[in-house]
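# Structural overview
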Amino acid sequence: MTDRNLSWLFLAPALLVLGGLTVYPALWVLWLSLQYRIPVFSIARWAGLEHYAFLAVDTRFWNAAGVTAVFTVVSVALECGLGLGVALALRGQRHWRRVALALLLLAWALPSVVTAKMFEWLYHPSGGLVNFLLGGRAINWLGDPALALPALIVADVWRTTPFVALLCYARLLTIPPELYEAGQVDGAAGWQAFARITWPLVRPILLVVLLFRTLDALRAFDLMFVLTGGGPAGSTETLTVYAYRALFQTLQVGFGAAIGVVVFALVMLVAVGYLRLINRESRTA
Amino acid sequence: MRAGRLRDGLVLLGLALYAAPFFWQALTSLRPDAELLPLAQLWPSRLTLAHYDVVFRLSLMPRALVNSLGIALLSTLLAVGLGALAAYALARLPVCGRGLILLGMIAATAFPQIATVSPLYLMMRAFGLRDTWLALILANASFALPLVIWLLAGFIREIPLALEEAAAVDGAGRPAALRWVVLPLVAPGMASAGLLAFLFSWNEFLFAYSFTASEASRTVPVALALFPGVFEVPWGDIAAASLLASLPPILIVVAFQRYLVRGLLAGALRE
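The rules behind the values
Residues numbered from 1 in each chain as written. Chains lettered and ligands numbered in written order. Predicted model: local features only at pLDDT ≥ 70, side-chain atom pairs only at ≥ 80, totals over all residues. Helix = DSSP H or I, 4+ residues; strand = E, 2+ residues; numbered from the N terminus. Buried ≥ 20, exposed ≤ 12 C-beta atoms within 10 Å, placed from the backbone. Contact = placed C-beta atoms within 7 Å. Nonpolar A, V, L, I, M, F, W, Y, C, P; charged D, E, K, R; others polar. pLDDT = per-residue confidence, 0-100. Arc of directions from axis to C-beta. Pairing = 2+ DSSP bridges. Core = buried A, V, L, I, M, F, W, Y, C linked by C-beta atoms within 7 Å. Axes fitted to C-alpha atoms, helices over the stretch in contact; angles between N-to-C directions. Parallel < 35°, antiparallel > 145°, perpendicular 65-115°, else oblique. Left-handed = near helix turned anticlockwise from the far one by under 90°.

## As for the overall build of chain B
The helix and strand tally for chain B stands at 13 helices and 0 strands. When the helices and strands of chain B are placed in sequence order, the string is α-α-α-α-α-α-α-α-α-α-α-α-α. Considered along the principal axes of its C-alpha atoms, chain B spans approximately 75 × 65 × 30 Å. A total of 271 residues make up chain B; the buried ones form 46% of that total. Contacts spanning at least 24 positions in sequence make up 80% of the contacts within chain B whose residues lie at least 6 apart.

Next comes the structure, spelled out in structure tokens:
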């Protein structure tokens, strides 16, 4: 058999699975979003762009878009800052490094539903550790529209900081110590060394991490769905939760698909934007 | 030297505090019901296994654990099996449109599940696959596949081509070279990719929640999200159930840490 034939034989199964279960659904959802489909009433007719026109004036949609934006920007910013801090602390670690990494990565590896249940209990008004440590306060963290989103963001930051920390840590380990020794000769120590040596070398990797984290935050669903269910009063309802409710709870398949398409477009837009930024960085560096 | 140990100890303590929410959940799973609400003291007066007893005897968790384990193992096998073949072709064989296929793989890793879940649901229903293991195995494997292919293609490219050529000179055909030269060398890479695929499938919630209607295919995250409470929320039982749901991830970060870290780094630093 020629190499070319062999290559198709090897590629075909994977491409078949991806074509059928990833590419085809991705195209189908576009088509679905152009229709009225409410299966329980056997309604199925062409809608054109009506769903999108409705979204443009739908206050619930704009609220969800705002929640998604705040959630994404704030949690990604906190994760990157905190993650870099943890990486800098870990960098000098000589003993018990495996234990340290296990403690760090645990939060990242847990199912997000477990994280949601854990934080639900931590935030419990009378049984939660948080209120206990605050001296027996009775704050209803998840029930107060002003507190629920910050509480949700804290849970997300807890879950995803390890990922940022690990990647920054790996980058820090590749910086040769000679650079710092040379820096000391030039009088760069402490903050100066960080600003002049560490930061320029970590920045490119931080940009890549920023890309991954932003994409994941835009797509996040499990944590808010289980922890708050989008409540109270829609204060934690992201676009993904709104899409899910339309698809599987009010069973408006076409309308839900349209919200899904918006998330899809957002993710792709952000990815392309970041990739251009990363390309420019690597060219100037 | 002594100062270094002290510093390392402090960092370790900091990380243990970071993991405290998990340890608190572990303690909650052992705390007697009477001391849960309201919380009066940090350390319970005694520890009990009653919550685990309830979870094992009366809840849907045991069945969900079997479902999750089976679905995660089979979807990992499928993703790594198909992924390894495709990765070898992309790394070593002449493929027309290779650049386009690789670009498609990266794009596919960014696809949001919420966009593809509704067409997939309609497909599963049309094929009569709702509430089956197969639906989740296919959905999870296809979702993990782009990352697996990307990782393995990178690992295969790291193997010196000279080794394969030497095998060919020795008269080994390509299948033999694959079996005796490439496979052993890429095995650690397959472990890394497989661990990530397994973890994804074990933790996956949206597909499992949407495609299942009964305990026949209900996975652990779904069972946990739907954990029943008759009159009040059984926080101790939920804590015990979440500890069981956390066992495979704990095993992975403790025992297979090296492979996990390698996979994560290779997956993120894809350039």
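## Side note on the environment of His51(B)
Along the chain, His51(B) falls in helix α3 (residues 50-58). Contacts of His51(B), omitting those with residues within four sequence positions, involve Ser29(B), Gly236(B), Asp237(B), Ala239(B) and Ala240(B).

## Regarding the interface of chain B and chain A
Between chain B and chain A, the contact holds 72 residues from the first and 76 residues from the second. Residue contributions to the side of chain B that touches chain A peak at 11 residues, all from helix α12 (residues 235-255) of chain B. The class makeup of the residues in the side of chain B that touches chain A is 55 nonpolar, 14 polar and 3 charged.

## What to know about unusual backbone geometry
The amide bond that connects Gly231(A) to the next residue, Pro232(A), takes the cis arrangement and shows omega of -10°. For the peptide bond that leads from Leu37(B) to Pro38(B), omega is -10°, which places it in the cis range. Secondary-structure assignment places Pro38(B) in the loop between α2 (20-30) and α3.

## Re the confidence of the model for chain B
All names here are of chain B. Looking at chain B, the pLDDT average stands at 92 and 98% of residues meet or exceed 70. Averaged pLDDT values over the elements of chain B bottom out at 83 in helix α8 (residues 161-169) and peak at 97 in α2. Prediction confidence for the complex, expressed as pTM and ipTM, is 0.94 and 0.93 respectively.

## Observations concerning α2(B)
Within α2(B) the residues assigned to the buried category are Pro21(B), Phe22(B), Gln25(B), Thr28(B) and Ser29(B). Looking straight down α2(B), one finds that the buried residues subtend no more than 115° of arc, so they occupy a single side. Contacts from the buried residues of α2(B) go to α4 (97-109), α5 (112-122) and α7 (148-173) of chain A together with α3 and α12 of chain B.

## Brief notes about the pairing of strand β2 (residues 43-46) of chain A
All names here are of chain A. Note: strand β1 (residues 35-38) against β2, 4 bridges, orientation antiparallel. Along β2, the bridge assignment pairs Gln 35 with Trp 46. Turn length for the β1-β2 hairpin, with the two strands adjacent in sequence and antiparallel, is 4 residues, and the turn residue Ser 42 shows positive phi of about 40°.

## Comments concerning the nonpolar core
Among the nonpolar cores identified, the biggest contains 168 residues, and Leu105(A), Val263(A), Ala86(B), Val148(B), Ile149(B) and Leu152(B) are the most heavily contacted of them. In contact with Leu105(A), not counting residues within four places along its chain, are Pro162(A), Leu166(A), Val253(B) and Leu260(B).

## Some points on the packing of α3(B) against α12(B)
All names here are of chain B. At a closest axis distance of 8 Å, the pairing of α3 and α12 adopts a crossing angle of 75°. As judged from the angle between their axes, α3 and α12 are roughly perpendicular. Contacts between α3 and α12 pair His 51, Tyr 52, Val 54 and Val 55 from the former with Gly 236, Asp 237, Ala 239, Ala 240, Ala 241 and Leu 244 from the latter. When its residues are assigned to classes, the contact of α3 with α12 shows 7 nonpolar, 2 polar and 1 charged.

## Describing the packing of α2(B) against α12(B)
All names here are of chain B. Packing of α2 against α12 leaves a shortest axis separation of 7 Å and a crossing angle of 125°. Considering their axes alone, α2 and α12 lie oblique with respect to each other. Pair α2 / α12 crosses with left-handed handedness. Together, Gln 25, Ala 26, Thr 28 and Ser 29 of α2 and Trp 235, Gly 236, Ala 239, Ala 240, Ser 242 and Leu 243 of α12 make up the contact between the two elements. Its residues placed into classes, the contact of α2 with α12 shows 5 nonpolar, 5 polar and no charged.

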